Amino acid sequence: MKEYVLKIWSTVKYCWLWYMAQFKGVWYQRIITPIATLIVLFFLYLGAVDMNFMGLFGLSPTMDCIENPVNSEASMIYSSDSVLIGKFFSENRSPVAFEEISPYVINALISTEDERFYVHHGIDYQGLFSAAKDISQGNARGASTITQQLVKNLFKIRSQYSTGILGKIPVLRILIMKSKEWITAIKIENLYSKKDILTLYLNTVDFGSNSYGIRTAARTYFDTEPKNLTAEQAATLVGLLKATTTYNPKINPKNSFARRNVVLDNMLSHNGMFTEGRMTKREHDSLVKIPINISHFKVEKAYDGKSQYFRQAVREYLRDWCKANEVDLYGDGLKIYTTIDTRMQAYAEWAVNKQMKSLQKKFDNHWLGMNPWRDERHQEIPDFIEGIARRTSYYQLLNKKYDGNSDSIDYYMNLPHKVKVFAYGKDGVNGTIEKEMSTMDSIRYMVRFLHCGFVAMEPQTSFVKAWVGDVDFNSWKYDKVTAMRQPGSTFKLFVYASAFENNDSITPMSRRLDSYISLRVPDSRDTTKLVTWTPHNANGYCTNGNMPLKSAFAQSVNTIAVKLGQETGIENVVNIAHKMGIHSPLDPTPALALGSSDVNLLELVDAYASVMNDGMHRDPILVTKIVDREGEVIYDYEEEVAKAERAMKYKTAFYMQRLFWEGLHDRWGTTAALWQYIHPVLKGNDFGGKTGTSSNHSDAWFVGCTPNLVGGAWVGGEYRCIHFRTGELGQGSRTSLPIFGYFISKVLKDPKFQKYGGMYPEAKEDIKRNTYIGPGYVHVPDSLNEDSIEANTELVIHRHSEQTQPAVSNEN
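1. Some words on the overall build of the protein
- When helices and strands are counted, the protein shows 32 helices and 18 strands.
- Long-range contacts, defined here as pairs at least 24 residues apart, represent 71% of the contacts in the protein between residues at least 6 apart.
- Total accessible area on the protein stands at roughly 37700 Å², and carbon and sulfur atoms take up 54% of it.

2. Digging into the side chain of lysine 550
- With respect to the helices, strands and loops of the structure, lysine 550 is situated in helix α21 (residues 549–554).
- With residues up to four places along the chain from it excluded, the contact list for lysine 550 reads Pro508, Met509, Leu659, Glu662, Tyr772, Ile773, Gly774, Pro775 and Gly776.

3. Some thoughts on the pairing of strand β18 (residues 709–717)
- The buried fraction of β18 is high, at nine of nine residues.
- Taken together, the eight bridges between strand β6 (residues 450–457) and β18 define a ladder with antiparallel strand orientation. Each residue of the ladder has a partner; that of alanine 456, found in β18, is glycine 711.
- Of the pairings in the sheet, the one linking strand β17 (residues 699–706) to β18 comprises eight bridges and is antiparallel in character. The residue bridging threonine 706 from the neighbouring strand is leucine 709, located in β18.
- The loop that links β17 with its antiparallel partner β18 comprises two residues.

4. Some points on the pairing of strand β1 (residues 75–78)
- Alternating residues of β1 divide into Ser75 and Ile77 and Met76 and Tyr78, and every residue in both groups is buried.
- Relative to strand β2 (residues 84–88), β1 runs antiparallel, the two being bridged by four bridges. Counterpart to methionine 76 in the pairing with β2 is lysine 87.
- What sits between the antiparallel neighbours β1 and β2 is a turn of five residues, in which serine 82 has the positive phi angle 65 degrees.
- With three bridges connecting them, β1 and strand β3 (residues 335–338) associate as parallel partners. Pairing of isoleucine 77 across the sheet is with isoleucine 336, part of β3.

5. Focus: the packing of aromatic side chains
- Following the criterion strictly, the structure yields 34 aromatic pairs and no others.
- With a centroid separation of 6.1 Å and an interplanar angle of 65 degrees, the aromatic rings of phenylalanine 310 and tryptophan 467 are classed as edge-to-face. Here phenylalanine 310 is found in helix α14 (residues 308–325), whereas its partner tryptophan 467 is found in strand β7 (residues 464–468), with 157 residues between them in sequence. We note that phenylalanine 310, like tryptophan 467, is buried.
- Members of the aromatic cluster, joined through ring pairs, are Phe422, Tyr424, Tyr445, Phe449 and Trp476.
- Sitting over the ring of tyrosine 337, lysine 625 keeps its end group 5.0 Å from the ring centre.
- The ring of phenylalanine 553 carries the charged tip of lysine 690 above its face, separated from the ring centre by 5.8 Å.

6. Quick notes on the pattern of salt bridges
- Under the criterion given, the structure shown has 29 salt bridges.
- Close ionic contact of lysine 480 with aspartate 470 constitutes a salt bridge, the shortest N to O distance being 2.5 Å. Of the two residues, lysine 480 is situated in the loop between β7 and α20 (492–502) and aspartate 470 in the loop between β7 and α20; the sequence distance between them amounts to 10 residues.
- Residue classification places aspartate 470 among the buried residues on the basis of a relative accessible area of 3%.
- Between glutamate 762 and arginine 769 there is a salt bridge whose closest N-O contact spans 3.4 Å.

7. Let's talk about the side chain of asparagine 248
- Mapped onto the elements, asparagine 248 comes out in the loop between α11 (231–240) and α12 (253–269).
- Of the residues examined, asparagine 248 reaches a relative accessible area of 2% and is grouped as buried.
- There is a polar contact of 2.8 Å between the side chain of asparagine 248 and the backbone nitrogen of lysine 250.
- For asparagine 248, the residues in contact, after removing those within four places along its chain, are Ser209, Tyr221, Leu240, Pro253 and Ser256.

8. Focus on the sheet that holds strand β13 (residues 623–627)
- One open sheet holds the five strands; their spatial order is β2-β1-β3-β13-β14, and the pairing between them is mixed. Since the sheet does not close on itself, it has two edges, and those belong to β2 and β14 (633–636), each with one partner. Strand-to-strand twist in this sheet, taken as the mean axis angle between neighbours without regard to direction, amounts to 15 degrees.
- Of the pairings in the sheet, the one linking β13 to β14 comprises three bridges and is antiparallel in character. Along β14, the bridge assignment pairs valine 627 with valine 633.
- Packed onto the sheet, α14 meets β1, β2, β3, β13 and β14 and runs at close to 50 degrees relative to β2.

9. A look at the environment of leucine 564
- By the secondary structure assignment, leucine 564 is in helix α22 (residues 558–568).
- For the pair leucine 564 and leucine 549, spaced 15 residues apart in sequence, the C-alpha separation works out to 9.5 Å.
- What leucine 564 contacts, discounting residues up to four positions off in sequence, is Val495, Tyr496, Ala499, Arg512 and Leu549.

10. Examining the sheet that holds β17
- Spatial ordering of the open sheet is given by β7-β6-β18-β17-β16, a layout of five strands whose pairing is antiparallel. Each of the sheet's edge strands pairs with one partner strand only, and the pair in question is β7 and β16 (688–693). Within the sheet, the average angular offset between the axes of one strand and its neighbour, ignoring direction, is 10 degrees.
- Note: β16 against β17, six bridges, orientation antiparallel. When the bridges of β17 are listed, lysine 690 appears paired with valine 703.

11. Examining the packing of α20 against α22
- Put simply, α20 and α22 touch, their axes get as near as 9 Å, and they point 45 degrees apart. Taken together, the axes of α20 and α22 are oblique relative to one another. Remark: the crossing between α20 and α22 carries left-handed chirality. Along its contact with α20, which presents Lys492, Val495, Tyr496, Ser498, Ala499 and Asn502, the element α22 presents Asn558, Ile560, Ala561, Leu564, Gly565 and Thr568.
- Looking at the contact of α20 with α22, its residues break down into six nonpolar, five polar and one charged.

12. Some details on the confidence of the model for the protein
- Of the residues in the protein, 88% have a pLDDT of 70 or more, and the chain-wide mean is 87.
- Below pLDDT 50 for its whole length, residues 782–812 participates in 87 contacts with residues either more than four positions away or in separate chains.

13. What to know about the nonpolar core
- Of all hydrophobic cores here, the largest spans 139 residues; its most connected members are Trp467, Phe494, Tyr496 and Phe743.
- Counting residues per element, this core draws most heavily on helix α24 (residues 601–612), at nine residues.
- Leu198, Phe207, Ala235 and Met267 belong to the second largest nonpolar core, which has 45 residues in total.

14. Considerations on the packing of helix α17 (residues 393–401) against helix α18 (residues 406–413)
- Interaxial distance between α17 and α18 falls to 9 Å at its minimum, and their mutual angle equals 145 degrees. α18 is crossed by α17, and the crossing has right-handed handedness. The residues of α18 that touch α17, namely those facing Tyr394, Tyr395, Leu398 and Asn399, are Ile409, Tyr412 and Met413.
- Among the residues forming the contact of α17 with α18, the class breakdown is six nonpolar, one polar and no charged.

15. Some remarks on unusual backbone geometry
- At aspartate 223, a residue that is not glycine, the phi angle is positive and equals roughly 50 degrees.
- Residue position: aspartate 223 is located in the loop between α10 (214–222) and α11.
- Judged by its relative accessible area of 52%, aspartate 223 falls in the exposed class.
- Not every positive phi belongs to a glycine, and asparagine 696 is a case in point at roughly 60 degrees.

16. Points about the environment of tyrosine 411
- Turning to its location among the elements, tyrosine 411 is positioned in helix α18.
- In this structure, the C-alpha to C-alpha distance between tyrosine 411 and serine 438, residues 27 residues apart in sequence, is 9.8 Å.

Parameters at a glance
- Residues numbered from 1 in each chain as written.
- Predicted model: local features only at pLDDT ≥ 70, side-chain atom pairs only at ≥ 80, totals over all residues.
- Heavy atoms only, no water.
- Helix = DSSP H or I, 4+ residues; strand = E, 2+ residues; numbered from the N terminus.
- Contact = heavy atoms within 4.5 Å.
- Areas by Shrake-Rupley, 256 points an atom, 1.4 Å probe, with all protein chains shown as cover.
- Buried < 20%, exposed > 50% of the residue type's maximum accessible area, 1.4 Å probe, protein only.
- Pairing = 2+ DSSP bridges.
- Phe/Tyr/Trp six-rings, centres within 6.5 Å; stacked < 30°, edge-to-face > 60°.
- Lys NZ or Arg CZ within 6 Å of the ring centre and 35° of its normal.
- Salt bridge = Lys/Arg side-chain N within 4 Å of Asp/Glu carboxyl O.
- Polar contact = N/O pair within 3.5 Å; in protein donor to acceptor, adjacent residues only side chain to side chain.
- Axes fitted to C-alpha atoms, helices over the stretch in contact; angles between N-to-C directions.
- Parallel < 35°, antiparallel > 145°, perpendicular 65-115°, else oblique.
- Left-handed = near helix turned anticlockwise from the far one by under 90°.
- Nonpolar A, V, L, I, M, F, W, Y, C, P; charged D, E, K, R; others polar.
- pLDDT = per-residue confidence, 0-100.
- Core = buried A, V, L, I, M, F, W, Y, C linked by side-chain atoms within 4.5 Å.

Shown next, in the form of C-alpha cells:
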C-alpha cells in the first residue's frame, strides 16, 4: 500500500514539474498553457457541477428527466357525447405537434430570440461574447438561446433544484444556476432534433394572461388555432416573450404594437433562413401599419366551460383516487371521460331556469314589502342581515382598518356604490347586473333568492346524466346537489321499504288506520327530558280511515308513516336507508319517518335509483375512463360497476316501484300534479315519484322515476328561515315537481333519448297481483261531495300534500 501511494505521488510530482516547465519554454508555450489550463479547469468545473461533487453545487436534471420531460398540462374533461366541457389546470397548457404550428411563428421566434439557433449546440458562444462586449459598454442584454430558455421553462432550475453549499453565496449562486442551464442545454441538443426543441419550447413558454404554450395563447389573444396564426399575429405573440406584461396587447397596446413591428422587421431581415413563413418587403410594409386586433381576446379561467357544478363534483369524486395513485389532476394532462350528457344537461338547466324564474316572481310577490327571514313563530329574525354582514370579508377588512369602530364600519357598509348582483335574464340567459347599492342592501337583495338543485341518473348503470347545482354558478358556487337539508316525505321511501323488507305479510294492499298518534320523545333542548310529540297530516286532520299502504304513500299520510316506522323499527329504517345509498348520519328518532335528519339530493336520488334497479345499489358514477398523456387508460368505470350490491329483496323493490306509480295515479296522490307536464309524452311511458316538504316549507323536494331514468329536485332558501308561508305555494308538488316535469318532457320528446321511457315492468318473481293492485282510498270531506270532486281537481290533487312535523321544534 505504501509503495502504491509513493508511486502516485511520484506521478503527480512529475506532471506538476512538467506543467511548470511549460511557462519557461518558448513564447507560444507560455501563451497556450494558461489558456489550456483555463479550458481544462472549466470543463472540470462543469463536470463537478453536473455530478454535484461533494454536495457543493446541488442537484441537476437527470438524463431520465431530460429524456422524459414532464410539463404541466391541463386535464381535459369530456362529456359522454364527446364534448369538451372544461379543464383542470394550474398552468393552462395544451400541447401541439410541430406540424400544427404556423411557419410564421417559427420564423418570428428564431429571427427574434435566437438567430443562430440552427448552427449552435445549445450555447451561442458568439452571442455570449457579443453580450459581454455590450455589457462592457453599458448596454446589458441577454444571450440565452432558445434551448437555454427551454431548460429554464421546462425544468425550472432556479426554483426547483438546490444550489448546494456554494449556492448560498449570492454571486456563486447565479454562476452555478447558469452552469446547470448550459450543461442541460447541451444534453438536450444531443438528445433532440431542432424541430423537437422548437415544439417543446412553444408548448412550454408563458405568453402571459394565463396562457401557457402556443395553443392556449392563440386561443386567448386571437381565438384561433396555432396553425392558423397570421404573420402579424405570430409577431405579436413572439413579442410577448420579452416581457409578458409590458408588451401585452390588452394591457399595453402601444408597447405591443411597437414590439410586434420589431419582430416583423426581424422576420423580414432573416427571410433567407426559412423556406416557409417568409414575407416580401411589400407585405412587411403593409403589416407594420395594421393595428393589433384583439377583439376576440378572452382569458380562459378554471371555471370557464359547461357544467361547472358537475366538474367540481368530478374533482371531489377523483380526490382520493388521485391521492392513492399519485396523479396530479391539474398538471398531468389527463383526458377525463364523464357520464354527463351535454344535451340532457341543457334540458336540465332549461327546466331549472324556467321554474325558478317563475317561482322567484311568486316568492317576491308573496313577501312584497316584508322581509322573508322568519323564525318558527313567523316573526322576523332580528339582526339577521347584520349577522351575515359580519361574516363577510369586507366587514372583516373594515373592522381591522378602523379597529372595531362601529360608526366607521356602519358608514362604509351602508355607503352606496356600484355592485354586481345576480338577475334573471330573458330567454334563459341569466347573469350579473350592475346596481348602485350599499353592501348591506346587496346582502338583503341576494338572500331573497330561492335556490335549487337537480340531478338525474340512470338506475341500471348509476351514470349521472345531468347535474345542476344551483340557479347560477358565478353567483353561488355552493353546490345544492350535495347540500344537506331535511328530505321531508321523500324519506318515507325508507319507512315503507323497511316494512316490506322485514315483514313478508306487509304489502301495498295492507291497511293501516289514519288516526292520531302521540309519542314520548327526547326534548332536543334537554335530552334528559321527554316531551309528547303528536305528528299531524299536512291538511291538519285525520280521516280515521283504514287505508291501503299504497294510498297512504301516494297521499303522503304522515300518521301512517310514523306508525309504520314504529312497527318496523326505526333502526331497521336507518339500516335500509344506508344500504340504499344514504351515507349521511341519521338520528333514529320517531320523527325520522317524516325526514327529520338531513340528507343531500345526490344520495336521495341514488336511493330511489336502487328501487328502479330492482333493489341493486351502487354509488353514483361520474367518470367512465381516464387516459394519461401517453394514451394509456389508467382508470376504468368497470371496477365501480362491479361494486353493485343488493340493498333489498326484489319483492321490496317491486312493491316500491308500484308505490311510485301509485303516487301519480291515485286521485289524491301528491305526485298527480305531474300530469300537466308529461301529457305530451304519455304514450308508451310510465312515471312515478314522491314529493317532500320539510317544516315551514323550508325544503321542497321531488324525485321522479321512469323505468330507466331517475331525477330529483330540491328547492329552498339559502337559509332555512327563508321560505314561503303556505303549503299552497311552498310544497314540493308546486316548487320542485315542475322541474322534473319540464326536464323529463324535454328528454322523452328527443328521439335520441327514447330509451329513458317505457312502462313499469311486470313482476319478475311470483308476486300475487292482489298484493299491490286493488282499490285505493278516497276520503270526501264534508265540504265536498262526489259530484264536486272532479270540478275541484286542483284541490283534490293538493289536499293531502305532505309536510314534515319535526320531533321537537321547527327549524329556521
